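Results of the structural survey
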Amino acid sequence: MASEPAEATFAFPPALTREQEEEFRDLDREHGPELVVSRASTAVEGEHWTLAALERSYTDRGLHIVNFEKGKGEDPREWPKSRKWFVTFTTAFLCTSAALGSSIVTGDMSGPVSDLNTTQEIVNLTVTCFVIGFGIGPLFFAPLSEVSGRRLPYILSILFFFIFTLPSALAKNAATLVIGRQLAGLAASAPICNVGGSMADIWAVEERGFPMATFSFAIFIGPCLGPILGSWIGQEVGWRWIYWVLFIFTGCAFVLTLFMPETLASALLKKKAKKLREETGDPNYRTLEELEGPSFGHMMATALWRPLQMLFTEPILAFMTIYLSFIYSILYLLFFAFPIAFVNIRNFSSGLAGVTFVSIMLGICLAMSLMPFQERLYNRITRFGAFPEARLFPMMLGALVLPSALFIFAFTGAYSWVHWIGVCVSGFVFGFALLIIYISGNSYIVDSYSDYAASAIAAKTLVRSEIGAMVPLYVNQMFNNMGFQYAGLLLALVGVLIAPIPFIFYKYGERIRSKSARASQAKRKHSDDPEKKEVVDNESL
């Protein structure tokens, strides 16, 4: 899988240890019990391998292992701050363009119906097909990143996103519109799966706070920004201009990718090793990735098979995926349900209805501002030793808040005589729950499967995207046939039904992990643990 998974960089304190990060940077692969003995038999059987052990083994054989020279600016983490921030803002812009592309078209879903003489369900496929691409694309872009580095996938991704947005803007029939969106969605997925790794490439853990906040803001705010822009564009100049604006936006993103430097450590080291071999004529200059890295075919097989295998054999991953998929699908459901509440029921204009999505953005911003308190809580709970379940406290809070948001939405949005602020309050509360649940849940998955984090996150992303993609196919029928209040009530009750999941894992997660061959075996420690007591006694002496 492709380097450090994006979700691993959301959490602070970091979800991966410094040693795991270095393994991801220098030797771009997942590992586990089956890799204790390396492909070249460089490790002693039964001994957990380390980068230092691998280097010593190859050095003893007469090979020269190529690494970065400290102080010379070869390592991306030693680049000047200006260059780091250029990469940070550029990749955040790429994420915004991809997230914006998924939702901006919801600003006017009725225009294509009349212009192209088709049905609303067919036009809704423009969202469905795009989001499907978000789930499938990373399975291919991730291995490509390991072979070519990060820069080439970014360039190819945004180039094809740019190209395939054009057919939708010029579409003369519904088939062209939908197929263009499907291809654009597949292309746009690379930033979503690679940007978190780019942040980890250039920023050390202690420097990562504000850069990751910038990235997180782009990831979570982008989808909410789409309906705001799209509704005004569709209202004032027509639905085709929504695609033209997206076309221009992605064109600007593509230009930025042309100036992006390569940041992946293994790719830069390969380039350095090749240069040294050419300059010295000595073929023994090699990188660990060249010596230990699996073939592209093996990486593809792992990328496609292992996530599905883990999804059906790991209870923690399966149930957390269900929960995160539900809240992700609610976000896309609101892109269609808010217009029903404001345009159909309250007679708002499309533009004003789009502005109401600011409420979700404000909730997200509040949740982000409170994440430092989560950091303090995590540090206090893990003062005797880290364990994955310590990540679940924000999710447990969100599990209580989420049904509240959906109940408010159901019984304020349905009635025109209820003030519009009620629906906005539900959006605000939902935005707050969305962020704390998502970051906490992702961090728990990464901590629980740290040696297989990329595969676990790939499984979650695939299912989440496909479930979210299905929402546009039933949301209008659901709210029109069941009635707004009962459709909203059903969602709230589902939120109540799954709310115990983080609480159950907090109590029984350690026991469940102990029965898994792939999960972390970290145990919860207390002050009265014998090992800890011995340490305290020694310190007192």
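The protein is annotated in an unreviewed UniProt entry as MFS polyamine transporter from Lentinula raphanica. In its Subcellular location (unreviewed entry) section, the UniProt entry covering the protein states "Membrane".

1. Here we look at the overall build of the protein
Of regular secondary structure, the protein possesses 22 helices and 2 strands. Across the protein, contacts joining residues at least 24 apart in sequence account for 81% of those joining residues at least 6 apart. Accessible area for the protein stands at about 21700 Å²; split by element, carbon and sulfur atoms hold 65% of it.

2. Re helix α19 (residues 453-482)
Helix length check: α19, at 30 residues, gives a terminal C-alpha distance of 40 Å against a target of 44 Å (1.5 Å per residue), a fit within 8%. For α19, the principal kink sits at tyrosine 474 and spans about 50°. Once α19 ends, the next one or two residues include glycine 483, with phi positive near 95°.

3. Observations concerning the pattern of salt bridges
The tally for this structure, following the rule as stated, stands at 6 salt bridges. Of the charged contacts in the structure, one is a salt bridge between arginine 150 and aspartate 201, with a shortest N-O distance of 2.5 Å. Residue arginine 150 is found in the loop between α5 (120-148) and α6 (151-170), and its partner aspartate 201 is found in helix α7 (residues 174-202); the two are separated by 51 residues along the sequence. Look at aspartate 201 and you get buried, because its relative accessible area is 2%. A salt bridge links glutamate 389 to arginine 513; the shortest N-O distance between them is 2.9 Å. Taken together, the residues span a long stretch of sequence, with glutamate 389 in the loop between α16 (371-381) and α17 (393-413) and arginine 513 in helix α21 (residues 500-514) at a distance of 124 residues. With a relative accessible area of 1%, arginine 513 lands in the buried category. One connected set of salt bridges, linked through shared partners, spans Glu69, Lys72, Glu74 and Lys272.

4. Regarding the packing of aromatic side chains
Under the definition given, this model contains 24 aromatic pairs. Where phenylalanine 160 meets phenylalanine 164, the ring centres are 6.0 Å apart and the plane angle is 20°; that geometry is what we call stacked. Here phenylalanine 160 and its partner phenylalanine 164 are both found in helix α6, 4 residues apart, which amounts to about one turn of the helix. Ring centres of phenylalanine 409 and phenylalanine 484 lie 5.1 Å apart, and the angle between their planes is 55°; on these two criteria the pair is classed as tilted. Placement of phenylalanine 409 in helix α17 and of phenylalanine 484 in helix α20 (residues 484-498) is noted, with a sequence separation of 75 residues between them. The same class applies to phenylalanine 409 as to phenylalanine 484, namely buried. Three or more aromatic residues link up through ring pairs in this structure, and these residues are Tyr328, Tyr332, Phe335, Phe338, Phe342, Phe348, Phe357, Phe409, Phe479 and Phe484. Sitting above the plane of the tyrosine 378 ring, arginine 391 keeps its charged end 4.2 Å from the centroid.

5. Observations concerning the layout of surface pockets
Taken as a whole, the largest pocket spans an internal volume of roughly 460 Å³. Lining the largest pocket are 23 residues, and of these Thr106, Gly107, Met109, Ser110 and Pro339 sit closest to its centre. Of all the elements in the fold, those that place two or more residues in the lining of the largest pocket are α5, α8 (209-237), α13 (315-344), α14 (350-355) and α19. Take the lining of the largest pocket: its biggest share by element is 6 residues, from α13. Among the residues forming the lining of the largest pocket, the class breakdown is 9 nonpolar, 13 polar and 1 charged.

Calculation notes
- Residues numbered from 1 in each chain as written.
- Predicted model: local features only at pLDDT ≥ 70, side-chain atom pairs only at ≥ 80, totals over all residues.
- Heavy atoms only, no water.
- UniProt positions renumbered as here; feature names shortened; annotations may be inferred.
- Helix = DSSP H or I, 4+ residues; strand = E, 2+ residues; numbered from the N terminus.
- Contact = heavy atoms within 4.5 Å.
- Areas by Shrake-Rupley, 256 points an atom, 1.4 Å probe, with all protein chains shown as cover.
- Expected span 1.5 Å × (residues − 1).
- Bend = angle between axes of the 7 residues up to and from the residue.
- Salt bridge = Lys/Arg side-chain N within 4 Å of Asp/Glu carboxyl O.
- Buried < 20%, exposed > 50% of the residue type's maximum accessible area, 1.4 Å probe, protein only.
- Phe/Tyr/Trp six-rings, centres within 6.5 Å; stacked < 30°, edge-to-face > 60°.
- Lys NZ or Arg CZ within 6 Å of the ring centre and 35° of its normal.
- 1 Å grid on protein atoms, 1.4 Å probe; cavity = no way out; pocket = protein on both sides within 12 Å on 5 of 7 lines; lining within 4 Å.
- Points joined across faces, edges and corners; volume = space filled by probe spheres on them.
- Nonpolar A, V, L, I, M, F, W, Y, C, P; charged D, E, K, R; others polar.

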